[in-house]
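An overview of the molecular structure
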Amino acid sequence: MVAVQFLLNGRPVSAPPVPLQTTLLDYLRGEGLTGAKDGCAEGECGACTVLLVAPHDSSSAYRAVNSCLMFLPMLAGHEIHTVEDLARDNKLCEVQQAMAAAGGSQCGYCTPGFVMNLFAEQYRPDRAGLCDPHQMGGNLCRCTGYRPIRDAALSLGPAPADAFQARLSRPSPRLLALRSAGFSRPESVEECVQILVEDPAAKLVAGGTDVGVESNQRGSRWAHLVSLEAIEELREFSENDDRVLIGAGLPFTDILRRWWNAPAAVAEWLLTFASPTVRNRATLGGNLGNASPIGDSAPLLLALDASLHLAGPAGRRTILLHEFFTGYRKTALNPAELITAIEIPKPIPALWRFFKVSKRRMDDISTVAASMALSFDEQRRITRARFAFGGVADRSLRVLSAEEIVIGQPWTKPTVEAAQSAIAGELKPMSDHRGSAAYRLAVAQSLVEKFWHEG
Amino acid sequence: MRDSGPHESARGHVTGAALYTDDLLGRFPRLLHAWPVCAPHAHAALLRLDTDAALATPGVCTVLTGADVPGEGNTGANRHDEPMFPLEAMHHQQAVAWVLGETLEAAQRGAALVRAEYEELPPILTIEAAIAADSYLSGPHRMVRGDVSALERSALKFEGELRIGGQEHFYLETQCAIAWLDETGGVSVQCSTQHPAEAQEIAARVLNLPRSQVTVECLRMGGAFGGKEVQSNPWVAVAALGAWKTGRPVRVRLTRKLDMALTGKRHPYLIRYATGFAEDGRMEGLRATLYSDGGWSLDLSEPILWRSMFHCDNAYLLPNVELTGYVCRTHKTSQTAFRGFGGPQGMLAIEEILDQAARRLGMRPEAIRERNFYREGNSTHYGQPVKDASRIQRIWDELKASSSFEARREEIARWNADSPYRKRGIAMTPVKFGVSFTATFFNQAGALVLIFRDGSVQVNHGGTEMGQGLNTKVRRIAAETLGVPLEAIRLMPTNTGKVPNTAPTAASAGTDLNGAAVANACSELRERLREVAAALLDCAAVEVQFEQGRVSAPGKEPLPFGRVCEEAYRRRVSLSAEGYYRTPEIHYDPKTGRGRPFYYFAYGAAVSEVELESFTGDCRVRRVDLLEDVGDSLAEVIDRGQLEGGFVQGLGWLTIEELLWDSHGRLATAGASTYKLPSWSELPEVFKVSFLPRATEPGVIFGSKAVGEPPLMLAISAREAIREAIAAFGSGGPVHLDSPATPERIFFAIRAQQEQGGPA
Ligand SMILES: Cc1cc2nc3c(=O)[nH]c(=O)nc-3n(C[C@H](O)[C@H](O)[C@H](O)COP(=O)(O)OP(=O)(O)OC[C@H]3O[C@@H](n4cnc5c(N)ncnc54)[C@H](O)[C@@H]3O)c2cc1C
Ligand code: FES
Ligand code: FES
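A quick note: this is a predicted structure, and the numbers were derived from the prediction, not measured.

Our focus in this paragraph is the overall build of chain B. From N to C terminus, chain B includes 19 helices and 29 strands. Taking the principal axes of its C-alpha atoms as reference, chain B extends roughly 85 × 80 × 50 Å. Within chain B, the proportion of its 760 residues that are buried is 62%. For chain B, restricting intrachain contacts to residue pairs at least 6 apart in sequence, the fraction spanning at least 24 positions comes to 80%.

Laid out in structure tokens, this is it:
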């Protein structure tokens with residue numbers, strides 16, 4: 001039981017002690033703020049969306065987040081808005097007017113969630129041009145087929161100069177360190193390691209997009225959650241001639257924003273990763289830390305020979321990602337160790353792509369994910385090759401035999417075929433509801449041809 | 001005619017103020033939460049149920065079991081074949097008992113502690129296994145016309161088999177019911193249901209109460225699509241029983257995963273056929289057997305199967321046909337109504353067959369379709385004249401022109417010739433959909449309209465609002481009939497205490513029926529007021545006009561509507577009226593398979609263009625053009641919404657929505673993370689929608705036509721476009737493609753085409 005204080009629709013609230021894993025959604029609904037709905041409780045439908053005031057350089061931005069995936073204690077010190085706050089003085093805000101006029105609601109159950117996301121988009125500080133309807137990619141609607149919602153989004157102009165806009169010029173709330181029996185939020189890596197040493201059962205939580213699902217859907221319960229959100233070091237991003245360094249706790253939305261000059265593969269990876277709403281919270285550290293065999297980041301980073309910066313009781317160390325995954329959902333992390341950053345060495349190979357194959361084109365988990373990278377000498381012969389896959393084994397992996405076989409070869413159809421047969425010999429995927437083993441194996445091979453064909 | 005404006009609840013939707021059943025939770029002090037004890041097997045005998053440990057758990061109030069039921073512990077709508085507390089578990093996760101707790105978490109903890117012992121029994125998990133075991137819930141049903149042996153003499157004869165997947169409703173609001181004992185000792189229920197009268201019936205049955213003791217109300221639903229027609233009943237029964245036993249309010253709300261695991265879906269089908277065509281593409285004979293996967297109980301599977309059989313013709317004349325249908329009993333959820341109600345599966349079969357024939361005859365698929373259209377004077381294989389048959393051709397021609405079909409087809413052929421890894425396809429399909437309940441007695445509706453002395457109006461009717469815009473349309477009908485502005489009309493939640501003995505809101509007939517009943521009540525009231533107004537205005541009754549809240553007569557100073565209402569009260573003229581409507585002229589005899597089951601047909605057609613990629617089977621919908629006959633649209637924003645939303649839902653059914661059960665009968669795609677609905681990526685890049693002009697439907701409210709279900713089947717054009725694109729990877733020969741056309745199926749279908757031969 002933890003008591004929590006935060007700003008809700010502009011008013012300070014002090015939530016009564018609740019069980020540690022009470023979601024923000026359940027709390028809000030219990031308080032009579034029933035605009036946010038429970039449509040799935042796993043971050044997939046967006047019906048529960050609320051706005052969080054998040055840092056945007058030195059000022060703020062409204063970030064749409066899934067309230068079903070946030071535990072109430074994580075809210076401490078935050079500032080949030082729910083749909084009930086948007087129509088002030090009984091006057092609909094522009095987004096609400098546009099949605100109503102366009103026929104953007106039928107049953108209306110999904111509507112508050114769309115409104116929240118579109119509101120965040122209308123007020124997005126770095127928006128140039130029209131509102132991007134894809135920002136609502138994490139909102140499902142079973143009734144409308146989306147066209148009227150797209151039209152509502154495209155009809156919006158710049159955000160009006162109102163109190164919501166004025167708020168954004170100030171910094172977002174600074175999150176302070178917290179220590180209580182069930183919930184800790186350290187401000188430094190060292191303090192975090194110390195907590196993990198003292199309580200080996202403590203569970204790290206970054207964005208909570210995995211942890212929240214585990215709690216809601218699989219009923220996992222933890223006695224002690226350690227939030228990484230207040231550790232500035234984990235939110236850093238820097239680039240120099242030798243490397244790109246991404247803080248393990250930086251949400252994907254910020255990676256995309258900060259790495260604006262990244263090669264195309266980065267956008268291929270990030271724009272198909274979950275939904276914008278999930279990306280507003282989800283982090284790279286969490287995506288690697290969970291060691292999911294179907295996580296999208298691992299194949300991408302394996303193709304770049306990325307390494308991880310770790311911190312633990314024995315101090316700091318660096319480990320190649322290739323050596324990090326040791327088995328099904330197993331990593332080389334020692335007890336009380338955490339990932340602090342991901343390092344991508346430069347130069348980034350000349351040819352590098354990311355491919356995601358899934359049943360639905362957007363916001364779906366990969367059936368197969370692949371990232372491939374090639375470097376060449378002056379004669380256009382391959383000097384270094386990486387063929388990395390997710391979804392084809394108990395962990396993300398590189399197909400070393402295929403990488404070796406193409407060295408010294410020109411990147412031609414016969415070379416492609418050689419790599420394909422090496423892949424066919426090495427991968428033993430499984431069948432499940434996302435795809436059959438035969439499909440996975442065939443697609444893993446044909447993606448090599450796609451890589452060759454499209455370059 | 002004026003327009004109806006945006007959705008009647010639009011303001012409530014965008015502000016979050018519109019309430020749904022579960023939003024009422026905070027209004028019930030001392031409410032208990034229910035959670036089921038679920039069977040871990042697809043088929044098993046329940047040997048023993050021990051609730052002691054659960055009852056000893058803090059926060060657990062009680063456990064509901066069969067012993068608690070004062071009445072009949074069965075929620076099956078027609079056949080009474082759904083025991084509330086089964087002794088034999090008939091599908092994986094079926095509820096065998098319910099725990100009531102002070103909190104949801106307490107109920108869940110309690111449910112985990114109920115010890116149940118089972119003896120596993122062999123399950124039947126596929127249609128093929130059901131056929132082999134002769135496991136049928138119903139059938140054979142037959143519909144026959146002409147002499148099907150004609151097909152033996154046809155120039156082209158072939159046989160085939162098509163597998164059609166089911167579909168999860170995925171209404172955004174999951175099933176929910178709250179029951180409590182009211183101030184006078186009756187049972188009250190708030191629930192999300194398309195059929196409050198049946199929810200009332202089931203609650204009364206379980207509690208052994210006369211129906212007058214049970215009141216059911218539905219505020220609105222967060223989507224339903226057929227999934228809350230009968231499948232909302234069990235949760236109402238549990239909540240009502242819980243409230244009866246404990247005297248406290250009880251809430252049953254299914255989480256998304258539970259909802260998917262426990263409730264029925266669109267029926268999967270297996271269709272086997274033999275057919276014969278003349279060289280010019282005319283169909284000469286069709287013999288088909290339709291096997292639907294009904295799951296564990298009957299539910300609505302029979303009328304759904306009939307509708308599949310009625311719609312095996314879609315828009316085509318089947319001169320010689322013999323259809324046989326079976327509902328298979330399997331150990332799965334009990335499959336149920338879903339937008340289209342069997343119609344989509346029947347239509348998919350005939351469209352499949354026509355395409356297969358076209359590719360064998362070397363004809364264009366759209367040409368073979370056109371060749372077989374119904375013409376004026378034709379009747380269907382069940383003996384109903386095809387009213388307005390010429391509209392099929394008219395819609396076809398207009399859409400072909402407005403979508404530039406021919407030019408785009410040639411453009412696509414050129415594009416494909418230069419593109420080895422990506423191919424585009426375009427296809428066009430029609431829809432003819434019969435409107436009315438095939439259970440004739442459901443085609444009735446009631447209304448209760450109350451006018452208050454100030455001229456404000458409450459409208460009650462038996463229909464339920466699930467997003468389809470029924471109340472938006474009804475509000476306009478009431479406003480125009482009474483001659484008041486839209487704002488003067490307040491639509492009340494659907495309540496069995498206001499309008500009794502209602503039909504479900506389904507079969508696309510919600511507005512046809514309830515709109516007509518409301519119009520009936522409003523006309524009655526207007527005529528009463530006319531007399532009063534004539535006296536006030538000092539004119540003849542026929543001269544009185546009601547318009548926009550003003551009551552007038554030529555040369556007289558108009559009066560506010562409220563003024564006339566006040567006067568009516570003073571003159572002791574009743575200001576409330578009941579309305580009633582029943583659809584005329586319809587009848588159907590399931591034994592002979594003949595009759596006139598439908599009051600009219602809704603027509604439409606669609607053109608879809610897709611692009612496929614051979615590396616992965618990825619599919620993109622580039623452009624969609626729809627043309628639908630909605631009669632005189634009652635509400636353009638609503639009707640367009642139904643067309644687009646129905647199309648995208650159909651697209652989901654036919655492409656990415658895949659229900660998979662594992663070898664133990666567990667639903668492997670239970671949850672939003674594994675079952676994928678269309679999202680933004682499925683929205684067609686170009687999406688054009690138009691209504692057929694000059695299409696007034698006589699005899700239907702304001703000349704309109706039903707629009708809820710038909711557009712779902714327009715999405716068949718997208719499936720056929722996919723097939724066209726697959727064919728472009730090879731020589732253009734027949735393409736086998738089971739449904740849904742997932743990327744994996746497309747991928748392997750492309751491979752099969754490529755192996756058949758190089759590009760034509
Ligand atoms: C709707 C939805 C869609 C999704 N789609 C995708 C997708 O397309 N592709 C994909 O790959 N994933 C997807 N995911 C999974 C999830 O979003 C990602 O794995 C995400 O990156 C996790 O980050 P997080 O910060 O939210 O992790 P959390 O949930 O906070 O943590 C995840 C795990 O990592 C551990 N952890 C967190 N940070 C660290 C650290 N710094 N050091 C060590 N361990 C740490 C935690 O203890 C926990 O075990 C999806 C999830 C949802 C809900
Ligand atoms: S409830 Fe569906 S995303 Fe939160
Ligand atoms: S309006 Fe019903 S789910 Fe979107």
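Here the narrative resumes.
A few words on the overall build of chain A. The number of helices and strands found in chain A is 15 helices and 20 strands. A principal-axis box enclosing the C-alpha atoms of chain A has dimensions of 70 × 55 × 40 Å. For chain A, with 455 residues in total, the buried portion stands at 57%. Counting only contacts in chain A whose residues sit at least 6 apart along the sequence, the fraction spanning at least 24 positions is 66%.

As a further point, take the site of ligand 1. All names here are of chain A. Around ligand 1 there are 31 residues in total, and Gly 207, Gly 285, Gly 286, Asn 287 and Gly 289 lie nearest to it. Only strand S8 (203-205), helix H7 (211-218), helix H11 (284-289) and strand S16 (338-345) provide two or more residues apiece to the shell around ligand 1. At four residues, the largest contribution of residues to the shell around ligand 1 is made by H11. In terms of residue class, the shell around ligand 1 is made up of 14 nonpolar, eleven polar and six charged.

With that settled, the discussion passes to the confidence of the model for chain B. For chain B, the mean per-residue pLDDT works out to 96, and 99% of the residues sit at or above 70. Scored by ipTM, the complex comes to 0.97, with pTM at 0.97.

What follows covers unusual backbone geometry. Generally, phi is negative for residues other than glycine and the peptide bonds are trans, each holding for most cases. The linkage connecting Lys346(A) with the following residue, Pro347(A), adopts the cis geometry, with an omega of 0°. Inspection of the secondary structure puts Pro347(A) in the loop between S16 and strand S17 (351-357). Of note, the bond from Ser739(B) into Pro740(B) is cis; its omega dihedral lies within 30 degrees of zero at 5°. Positionally, Pro740(B) belongs in the loop between helix H18 (716-727) and helix H19 (743-756). One non-glycine residue with positive phi stands out, namely Ala41(A), at about 60°. Relative to the assigned elements, Ala41(A) resides in the loop between helix H1 (24-30) and strand S3 (49-56). What makes Ala41(A) buried here is the crowd of 25 C-beta atoms within 10 Å. Even without glycine at this site, Ser404(B) takes up a positive phi of about 50°. Relative to the helices and strands, Ser404(B) resides in the loop between helix H11 (390-402) and helix H12 (405-417).

Residue and element names in this part refer to chain A. Ordered in space as S17-S18-S19-S20, the four strands form an open sheet in which the pairing is antiparallel. Strands with a single pairing partner mark the edges of an open sheet, and in this sheet they are S17 and strand S20 (397-398). Inspection of the sheet shows strand S19 (residues 382-390) paired to S20 by two bridges, in the antiparallel sense. Following the sheet pairing, Phe 389 is matched in S20 by Leu 397. Sitting on the sheet, helix H15 (residues 437-454) is in contact with S17, strand S18 (368-376) and S19, with an inclination near 35° to S18.

Our focus in this paragraph is the sheet that holds strand S23 (residues 559-560) of chain B. Residue and element names in this part refer to chain B. Spatially, the three strands line up as an open sheet ordered S21-S22-S23, and their pairing is antiparallel. Bordering the open sheet on either side are strand S21 (545-547) and S23, each of which pairs with just one other strand. Where S21 lies against strand S22 (residues 550-552), three bridges are found, and the strand directions are antiparallel. By the bridge assignment, Gln 545 is partnered in S22 with Ser 552.

What follows deals with the interface of chain A and chain B. Across the boundary between the two partners, chain A contributes 61 residues, which contact 59 residues of chain B. Contributions of two or more residues to the side of chain A that touches chain B are made by helix H2 (94-101), helix H3 (111-122), helix H4 (147-154) and H15 of chain A. Looking at the side of chain A that touches chain B element by element, the count peaks at seven residues for H15(A). Tallied by class, residues from the side of chain A that touches chain B come to 27 nonpolar, 21 polar and 13 charged.

With domains assigned, chain A is organised as domain 1 (27-65 + 77-170) and domain 2 (355-455). Look at where the C-alpha atoms of domain 1 of chain A and domain 2 of chain A centre, and you get two points 39 Å apart.

What follows is about the domain arrangement of chain B. Residues and elements named next belong to chain B. The assigned domain composition of chain B is domain 1 (10-122 + 175-253), domain 2 (124-161 + 264-372), domain 3 (374-438 + 594-760) and domain 4 (444-582). Between domain 2 and domain 3, the residue contacts involve 34 residues of the former and 35 residues of the latter. Residue assignment for the side of domain 2 that touches domain 3 shows that the elements contributing at least two residues are strand S7 (136-145), helix H8 (301-310), helix H9 (343-361) and helix H10 (365-371). Its residues assigned to classes, the side of domain 2 that touches domain 3 shows 15 nonpolar, five polar and 14 charged.

So, on to the packing of helix H13 (residues 470-482) of chain B against helix H14 (residues 510-537) of chain B. Residue and element names in this part refer to chain B. Close contact between H13 and H14 brings their axes to 9 Å; oriented N to C, the two are set at 25°. Relative to H14, the element H13 is oriented roughly parallel. For H13 against H14, the interelement crossing comes out right-handed. Facing Leu 470, Lys 473, Val 474, Ile 477, Ala 478, Thr 481 and Leu 482 of H13, the residues of H14 in contact are Gly 510, Thr 511, Asn 514, Gly 515, Val 518, Ala 519, Cys 522, Ser 523, Leu 525 and Arg 526. Within the contact of H13 with H14, the residues separate by chemical class into nine nonpolar, six polar and two charged.

Right, let's talk about the environment of Glu724(B) for a bit. Residues and elements named next belong to chain B. Tracing the backbone shows Glu 724 in helix H18. For Glu 724, a count of 28 C-beta atoms within 10 Å gives the class buried. For Glu 724 and Glu 527, which are 197 residues apart along the polypeptide, the C-alpha to C-alpha distance reads 59 Å. The residues contacting Glu 724, other than those within four sequence positions of it, are Gly 425, Ile 426 and Ala 427.

Quick look at the pairing of strand S5 (residues 95-101) of chain B now. All names here are of chain B. Most of S5 sits out of view: seven of its seven residues are buried. Examined bridge by bridge, strand S1 (residues 32-38) and S5 share six bridges and lie antiparallel to one another. Within the sheet, the bridge partner assigned to Cys 38 lies in S5 and is Ala 95. Pairing of strand S3 (residues 60-64) with S5, which is carried by four bridges, proceeds in the antiparallel orientation. What sits directly across from Val 63, in S5, is Val 99.

Okay, the pairing of strand S6 (residues 115-120) of chain B next. All names here are of chain B. Burial of S6 is sparse: only zero of the six residues sit out of reach of the surface. Pairing of strand S2 (residues 44-50) with S6 involves six bridges; the strand directions are antiparallel. Across the sheet, residue Ala 44 finds its bridge partner in S6, namely Glu 120.

Here the focus is the nonpolar core. Ranked by internal contacts, the top residues of the largest apolar core, which has 390 residues, are Val99(B), Ala203(B), Ala239(B) and Ala240(B). The contact partners of Ala240(B), leaving out residues within four places of it in the chain, are Ala179(B), Val187(B), Val189(B), Ala203(B), Val206(B) and Leu207(B).

The rules we used
Residues numbered from 1 in each chain as written. Chains lettered and ligands numbered in written order. Predicted model: local features only at pLDDT ≥ 70, side-chain atom pairs only at ≥ 80, totals over all residues. Helix = DSSP H or I, 4+ residues; strand = E, 2+ residues; numbered from the N terminus. Buried ≥ 20, exposed ≤ 12 C-beta atoms within 10 Å, placed from the backbone. Contact = placed C-beta atoms within 7 Å. Near = placed C-beta within 6 Å. Nonpolar A, V, L, I, M, F, W, Y, C, P; charged D, E, K, R; others polar. pLDDT = per-residue confidence, 0-100. Pairing = 2+ DSSP bridges. Axes fitted to C-alpha atoms, helices over the stretch in contact; angles between N-to-C directions. Domains from an automatic or database assignment. Parallel < 35°, antiparallel > 145°, perpendicular 65-115°, else oblique. Left-handed = near helix turned anticlockwise from the far one by under 90°. Core = buried A, V, L, I, M, F, W, Y, C linked by C-beta atoms within 7 Å.

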